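Chain by chain, the residues:
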Amino acid sequence: MISVERLTVDFGQGPILDSLNFSVAPGEISAIMGLSGGGKSTLLRCLSGLIVPQAGTITICDRQMPQDLPEIRSSMGMVFQTSALFDSLSVYQNVAFAIRRRGTPQQKEQLSQTIHQALNVVGLDPEEDGVKMPSELSGGMKKRVGMARAIVLEPKIMLYDEPTTGLDPISTEVIDGLISKINNEAKTTTVLVSHDVASCCRTADRIWFLENGTFTFCGSPSEFLNSKTPAIQNMLRSVRF
Ligand SMILES: Nc1ncnc2c1ncn2[C@@H]1O[C@H](COP(=O)(O)OP(=O)(O)OP(=O)(O)O)[C@@H](O)[C@H]1O
Ligand SMILES: [Mg+2]
């Protein structure tokens, strides 16, 4: 479903991604972990066509970057760390904007039904929460709106960049549950970037560990927890107490 081969990205001070290989099978949730500044967001930006790599190939749903970028983009939903909502638009309008930008015209009634459905999936009340402005939302609610805005376009691929950063453990668990639910019910293929070991182990089928521009580990959550890779052991030691 997603296949990345020998991907190299260099912003001018040595490669951030160095001939990296990565793949995600249909319906799978792959989580990417690694130290800050390691290039996780850079990889997601390459997958969504926001960065053009120096070398390598990216194939998504049998389509190739960069020539098939519009088709690839239209099959993709992205949830950013900052939620990236429009502050001057209500929750409802933020989701509606995503549909209008896609350019598929919908009757007002149908539009409203689609938005209601997406807000319900992420546990927001379309009537009560739909009219709220982003400034009135908690961090967790903003993430949910970001997720509703992505799933309303019925993507085949979902990309999440640190969707639980800044949330308390309970809200984190709720967002993790939603990521799994969206993946199962909408039959999406998911790439999740996260620093949260518990989140990754709960939601992911496979965990990848990025180090010095390449993946030094790929395995199941239980293999991750038992890995002898020094950088993973260091990370796991830091979350045990
Ligand atoms: N557009 C850019 N121009 C120049 N350098 C960049 C650009 N984007 C990222 N970088 C650099 O590439 C490196 C990797 O950044 P990236 O944001 O991908 O890391 P990350 O693994 O997502 O980190 P974090 O966990 O802190 O989010 C960093 O050193 C960053 O400064
Ligand atoms: Mg990042």
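Residues numbered from 1 in each chain as written. Chains lettered and ligands numbered in written order. Predicted model: local features only at pLDDT ≥ 70, side-chain atom pairs only at ≥ 80, totals over all residues.

Visitor: Can you tell me about the sheet that holds strand S1 (residues 2-10), naming the residues and giving the values?
Guide: Strand order across the open sheet formed by four strands is S2-S1-S4-S5, with antiparallel pairing between neighbours. Of all the strands in the sheet, just strand S2 (15-24) and strand S5 (63-64) have a single pairing partner and so form its edges. Of the pairings in the sheet, the one linking S1 to strand S4 (residues 55-60) comprises five bridges and is antiparallel in character. Paired with Val4 across the bridge in S4 is Ile58. (Pairing = 2+ DSSP bridges. Helix = DSSP H or I, 4+ residues; strand = E, 2+ residues; numbered from the N terminus.)

Visitor: I'd love a proper account of the nonpolar core, names of residues and values included.
Guide: With 61 residues, the main nonpolar core has Leu47, Val95, Ala148 and Leu159 as its most contacted residues. Filtering out sequence-adjacent residues up to four positions away, Val95 remains in contact with Ile115, Ala118, Leu119, Ala148, Arg149 and Val152. (Core = buried A, V, L, I, M, F, W, Y, C linked by C-beta atoms within 7 Å. Buried ≥ 20, exposed ≤ 12 C-beta atoms within 10 Å, placed from the backbone. Contact = placed C-beta atoms within 7 Å.)

Visitor: Talk me through the site of ligand 1; I want residue IDs and the actual numbers.
Guide: Residues in close proximity to ligand 1 include Phe11, Ile16, Gly34, Ser36, Gly37, Gly38, Gly39, Lys40, Ser41 and Thr42, which together make up its full environment. Examining the composition of the shell around ligand 1, we find that three residues originate from one element, helix H1 (residues 40-47), more than from any other. (Near = placed C-beta within 6 Å.)

Visitor: Can you lay out the environment of Ile60 for me, pointing to particular residues and giving the numbers?
Guide: Among the secondary structure elements, Ile60 is positioned in strand S4. Given 25 C-beta atoms within 10 Å, Ile60 falls into the buried group. Sequence separation between Ile60 and Arg73 is 13 residues, and the spatial gap between their C-alpha atoms is 9.8 Å.

Visitor: Please provide a residue-by-residue account of helix H6 (residues 169-185), values included.
Guide: Along its 17 residues, H6 runs 24 Å from first to last C-alpha, staying within 8% of the 24 Å computed at 1.5 Å per residue. For H6, the set of buried residues is Thr172, Ile175, Asp176, Leu178, Ile179 and Ile182. Down the axis of H6, the smallest arc covering the buried residues is 155°, so these residues share one side. Looking at H6, the residues exposed on the side facing more than 90 degrees away from the buried face are Pro169, Ile170, Asn184 and Glu185. In the stretch just after H6, Lys187 is the one whose phi turns positive, near 55°. (Expected span 1.5 Å × (residues − 1). Arc of directions from axis to C-beta.)

Visitor: Summarise the packing of helix H3 (residues 91-102) against helix H4 (residues 108-121); cite the residues concerned and give the values.
Guide: For the pair H3 and H4, the least separation of the axes is 10 Å and the interaxial angle reads 115°. Every pair of crossing elements has a handedness; the one defined by H3 and H4 is right-handed. Counting all contacts with H3, which are made through Tyr92, Val95, Ala96 and Ile99, the residues of H4 involved are Leu111, Thr114, Ile115, Ala118 and Leu119. Along the lines of polarity and charge, the residues of the contact of H3 with H4 split into eight nonpolar, one polar and no charged. (Axes fitted to C-alpha atoms, helices over the stretch in contact; angles between N-to-C directions. Left-handed = near helix turned anticlockwise from the far one by under 90°. Nonpolar A, V, L, I, M, F, W, Y, C, P; charged D, E, K, R; others polar.)

Visitor: So what about the sheet that holds strand S9 (residues 206-211)? Which residues, and what values?
Guide: In sheet architecture, strand pairing relies on hydrogen bonds along the backbone and comes in two forms, parallel and antiparallel. The mixed open sheet is built from six strands, whose spatial order is S6-S7-S8-S3-S9-S10. Pairing within the sheet leaves two strands with one partner each, and these edge strands are strand S6 (76-79) and strand S10 (214-219). Direction aside, neighbouring strands of the sheet carry axes that sit 20° apart on average. Where strand S3 (residues 29-34) meets S9, five bridges bridge the pair, whose relative direction is parallel. Bridge pairing in S9 places Met33 opposite Phe209. Strand contacts of H6: S3, strand S7 (157-161) and strand S8 (189-193), with the helix running at about 160° to S8, the strand carrying the most contacts.

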